[in-house]
Amino acid sequence: MRSTHENRPVDPGDLSRRVAHRRTELGLTRKQMADRARLDPGFLEHLETNPVPVGVGTLTRLADALDTTVTDLLGGGRGVPAGAAPANARVQVEELDRAACWAKLVPGGVGRVVLRAPGGLAALPVNYRVLDATVVCRTAAGGALAGAAGDEVAFEVDRLDEAFATGWSVLLNGTLSVVSDQDAAQWFRQHADPDPWAGGRRDVWMRIKPTVITGRIIRPGGPSPAGSVE
């Protein structure tokens, strides 16, 4: 018999958006997701598009189906430094080839440009997109990023899964340049607009043409630690 606590609805907060985002991130259809979570597909569609209160049991099934935690689904990880979870005792580290690195970068998102600034090295977070094997972003005229045009820079993107203490990272080195051709800039606006979260006027288009690209991924299921007993 379930306790009263288990049946108590939980404030959904931004649960709808987080479930839909994580499902898309995993490449699951609503039908596949509903099957994994043992939920009706119609209910899942309603959940993803409306602030629906759900019980702890349903939250747990959703988290399991999405390979995450109830805390993360409810936004409990916001403001917590990434990588604080204990290390996974059984993982394997693999090098990513060039094609796999680009596959990780292509969805876009947030990365960091590492460049030389007047005060020393600086790592600037940017919203980016990938277009024709280059990384594109927008910045403000007169800013540090625009001022580094013509310099060699590094660009890094990573993703972590706190629940399994796994993740991946991709690092590329290349030349940062300003997109001065207005026709090209207009084409970028129509097809690859990174839409910076920081807001404000960011009318200068930048691109990084990589010369070197490398990556690594940490997967679960590596060999048992020495001396452990299965």
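In this text, all values refer to a predicted model and were calculated from it rather than measured experimentally. (Residues numbered from 1 in each chain as written. Predicted model: local features only at pLDDT ≥ 70, side-chain atom pairs only at ≥ 80, totals over all residues. Heavy atoms only, no water.)

Draft legend 1. Representation of the packing of helix α3 (residues 30-37) against helix α5 (residues 56-65) within the structure. Between α3 and α5, whose axes approach to 8 Å, the crossing angle comes to 120°. Classed by the angle they form, the pair α3 and α5 counts as oblique. For the pair α3 and α5, the sense of crossing is right-handed. Contacts between α3 and α5 involve M33, R36 and A37 from the first element and R61, L62 and A65 from the second. A breakdown of the residues in the contact of α3 with α5 according to their chemical character gives 4 nonpolar, no polar and 2 charged. (Axes fitted to C-alpha atoms, helices over the stretch in contact; angles between N-to-C directions. Helix = DSSP H or I, 4+ residues; strand = E, 2+ residues; numbered from the N terminus. Parallel < 35°, antiparallel > 145°, perpendicular 65-115°, else oblique. Left-handed = near helix turned anticlockwise from the far one by under 90°. Contact = heavy atoms within 4.5 Å. Nonpolar A, V, L, I, M, F, W, Y, C, P; charged D, E, K, R; others polar.)

Draft legend 2. Representation of the packing of helix α2 (residues 15-26) against helix α4 (residues 41-49) in the model. It is the contact of α2 with α4, at a shortest axis distance of 6 Å, that shows an interaxial angle of 115°. On α4, the residues that touch L15, S16, V19, A20 and R23 of α2 are L44, L47, E48 and T49. Taken together, the residues of the contact of α2 with α4 sort by class into 5 nonpolar, 2 polar and 2 charged.

Draft legend 3. Representation of α3 in the model. Regarding α3, the residues found buried are M33, A34 and A37. Looking straight down α3, one finds its buried side chains confined to an arc of 100°; they lie on one side. In this structure, the buried residues of α3 make contact with α2, α4 and α5. In the stretch just after α3, R38 is the one whose phi turns positive, near 55°. (Buried < 20%, exposed > 50% of the residue type's maximum accessible area, 1.4 Å probe, protein only. Arc of directions from axis to C-beta.)

Draft legend 4. Spotlight on the packing of aromatic side chains. Counting across every chain of the model gives 1 aromatic pair. Seen from their ring centres, Y128 and F155 are 5.1 Å apart, and the 75° between their planes marks the pair as edge-to-face. Separated by 27 residues along the polypeptide, Y128 in strand β3 (residues 120-131) and F155 in strand β5 (residues 152-161) bring together distant segments of the chain. (Phe/Tyr/Trp six-rings, centres within 6.5 Å; stacked < 30°, edge-to-face > 60°.)

Draft legend 5. Quick peek at helix α7 (residues 98-105). Taken residue by residue, α7 has C101, W102 and L105 as its buried positions. Looking straight down α7, one finds that the buried residues subtend no more than 95° of arc, so they occupy a single side. Exposed and oriented more than 90 degrees from the buried face of α7 are A99 and A103. The inward-facing, buried residues of α7 abut β1 (91-96), β3, β4 (134-139), β5, β6 (166-178) and β7 (204-220).

Draft legend 6. Region of interest: the pattern of salt bridges. In total, this model carries 9 salt bridges according to the counting rule given. Note that E45 is salt-bridged to R30, the shortest N-O span being 3.9 Å. Here the residue E45 occupies a position in helix α4, and R30 occupies one in helix α3, the gap between them amounting to 15 residues. By relative accessible area, R30 is classed as partly exposed at 28%. A salt bridge links D35 to K31, with the shortest nitrogen-to-oxygen separation between them at 2.8 Å. Here K31 and D35 lie together in helix α3, a separation of 4 residues that amounts to about one turn. For D35, a relative accessible area of 47% corresponds to the partly exposed category. By relative accessible area, K31 is classed as partly exposed at 49%. The network of salt bridges with common partners includes R23, R30, E45 and E48. (Salt bridge = Lys/Arg side-chain N within 4 Å of Asp/Glu carboxyl O.)

Draft legend 7. Focus on the pairing of strand β2 (residues 109-117). Across 9 bridges, β2 lies against β3 in antiparallel orientation. Its bridge partner being in β3, A117 is matched across the sheet by G120. Counting the residues that bridge the hairpin from β2 to β3 gives 2 residues. Note that β2 and β5 share 3 bridges and pair antiparallel. Residue V114 lies in a different strand from β5, and its bridge partner there is A154. (Pairing = 2+ DSSP bridges.)

Draft legend 8. Layout of the nonpolar core. Counting residues in hydrophobic clusters, the biggest one holds 27 residues, and the most contacted among them are L105, V113, L145, F155 and I208. Mapped by element, the contributors of at least two residues to this core are α7, β2, β3, β4, α8 (144-147), β5, β6 and β7. Take this core: its biggest share by element is 5 residues, from β7. Apart from residues lying up to four places away in sequence, I208 is in contact with V113, T134, V135, V153, F155, L172, G174, T175 and L176. By size, the runner-up hydrophobic cluster in this structure holds 17 residues, among which are L28, M33, V54 and A63. (Core = buried A, V, L, I, M, F, W, Y, C linked by side-chain atoms within 4.5 Å.)

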